[in-house]
Amino acid sequence: MNTLIGITSSLAIIFAGSIHIFHHEINVYFMGFFRDLSRIKARNRRMANSMALAVGSKNSAGLTKEDLKMLFFGQEDQDPLNDVEIQMDSEGNFVVKNDEYDTSNLAEYTREELYEFGDGYNEENVILISLYGRVYDVSKGSKYYGEDGKYNIFAGRDVTRALSTGCLAESCLGPTTSRSSISSSDDDYFELNSKTIREGKKWISFFETHDSYNLVGFLKDGRSMDDLIDEQLGHAENED
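## Some words on helix α3 (residues 65-73)
Line of reasoning, step 1. Those residues of α3 lying buried are Asp67, Met70 and Leu71. For α3, the angular spread of the buried residues around the axis is 90°, confining them to a single face. Within α3, the exposed residues directed more than 90 degrees away from the buried face are Lys65 and Phe73.
Line of reasoning, step 2. Of the residues flanking the end of α3, it is glycine 74, one or two places downstream, whose phi is positive at about 70°.

## Points about the nonpolar core
Line of reasoning, step 1. Counting residues in hydrophobic clusters, the biggest one holds 28 residues, and the most contacted among them are Leu131, Tyr136, Val138, Tyr145, Phe154, Leu163 and Phe207.
Line of reasoning, step 2. If you list the elements that add at least two residues to this core, you get β4 (128-131), α6 (160-165) and α7 (194-209).
Line of reasoning, step 3. Not counting the four nearest positions on each side in its chain, leucine 163 is found in contact with Met31, Leu131, Phe154, Glu199, Trp203 and Phe207.
Line of reasoning, step 4. Judged by nonpolar contacts, the second largest core, of six residues, contains Tyr109, Leu114, Val126 and Leu128.

## Topic: the sheet that holds strand β3 (residues 107-109)
By definition, the strands of a sheet pair up through backbone hydrogen bonds, in either a parallel or an antiparallel sense.
Line of reasoning, step 1. Across the sheet, which stays open at both edges, the four strands sit in the order β3-β6-β5-β4 with mixed pairing between neighbours. Each edge of the open sheet is held by one strand with a lone partner, namely β3 and β4. Strand-to-strand twist of the sheet, defined as the mean angle between neighbouring strand axes without regard to direction, takes the value 40°.
Line of reasoning, step 2. Sheet topology places β4 next to strand β5 (residues 134-137); four bridges connect them, and they run antiparallel. Along β5, the bridge assignment pairs serine 130 with valine 135.
Line of reasoning, step 3. Contacts from helix α4 (residues 111-118) reach β3, β4, β5 and β6 (214-219) within the one sheet, and its direction differs from that of β4 by about 145°.

## With respect to the pattern of salt bridges
Line of reasoning, step 1. With the rule as written, the count across this model stands at twelve salt bridges.
Line of reasoning, step 2. Between lysine 201 and aspartate 79 there is a salt bridge whose closest N-O contact spans 2.7 Å. Note that lysine 201 is positioned in helix α7 and aspartate 79 in the loop between α3 and β1 (85-88), a separation of 122 residues in sequence.
Line of reasoning, step 3. Look at lysine 201 and you get buried, because its relative accessible area is 2%.
Line of reasoning, step 4. Several salt bridges share partner residues, and in doing so they unite Arg35, Asp36, Arg39, Glu76, Glu199 and Lys202 into one network.

Parameters at a glance
Residues numbered from 1 in each chain as written. Predicted model: local features only at pLDDT ≥ 70, side-chain atom pairs only at ≥ 80, totals over all residues. Heavy atoms only, no water. Buried < 20%, exposed > 50% of the residue type's maximum accessible area, 1.4 Å probe, protein only. Helix = DSSP H or I, 4+ residues; strand = E, 2+ residues; numbered from the N terminus. Arc of directions from axis to C-beta. Core = buried A, V, L, I, M, F, W, Y, C linked by side-chain atoms within 4.5 Å. Contact = heavy atoms within 4.5 Å. Pairing = 2+ DSSP bridges. Axes fitted to C-alpha atoms, helices over the stretch in contact; angles between N-to-C directions. Salt bridge = Lys/Arg side-chain N within 4 Å of Asp/Glu carboxyl O.

Given below as structure tokens:
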């Protein structure tokens, strides 16, 4: 009996230790899971398919095999940016086309302004975040990004590195002061490789198609969507 108790106690300690060790990985996995679930819902809304989550070639949960691969294994057969329409502007920059509003008239934010007006502690409790140079109003997601939210540290910050790499530490967030250029010595610098490019695109797709979050402006400095697409084109050329 004592041996059994000892073995059980040891297993419990190992299990508890494993949860602590893999807590970060589990958190990042579920962030990706719910992100992609939201993208699937948005895609179905756009297709105006009222039966998308009911019958046909779907399973009992209303998801296709491609959806399940996307949710549980992070595998997608198409480019995540297919969920949004990308075009090139007159200056040769890649932009997201949005028929709901004119993005050319949106404001530009410095990092100081992003933090001052978007940390959630302002008079109107506005919460802003920046991703690849695009500023989103996520105030309606205050239970996630607000004062008591799990991702409160994102409020008023550039989250490009954090979301692209899965690093949720404050050190992986963009600075709250502006800078003239990006350097590899910056805390929020990261390599744009196949993995971070893929994750970056998924998060852009998430925020661009979310029914509660809106694009409200652009960040004056930092990595942009141009970097994301240009780097991917460079990777593709190297593979040829």
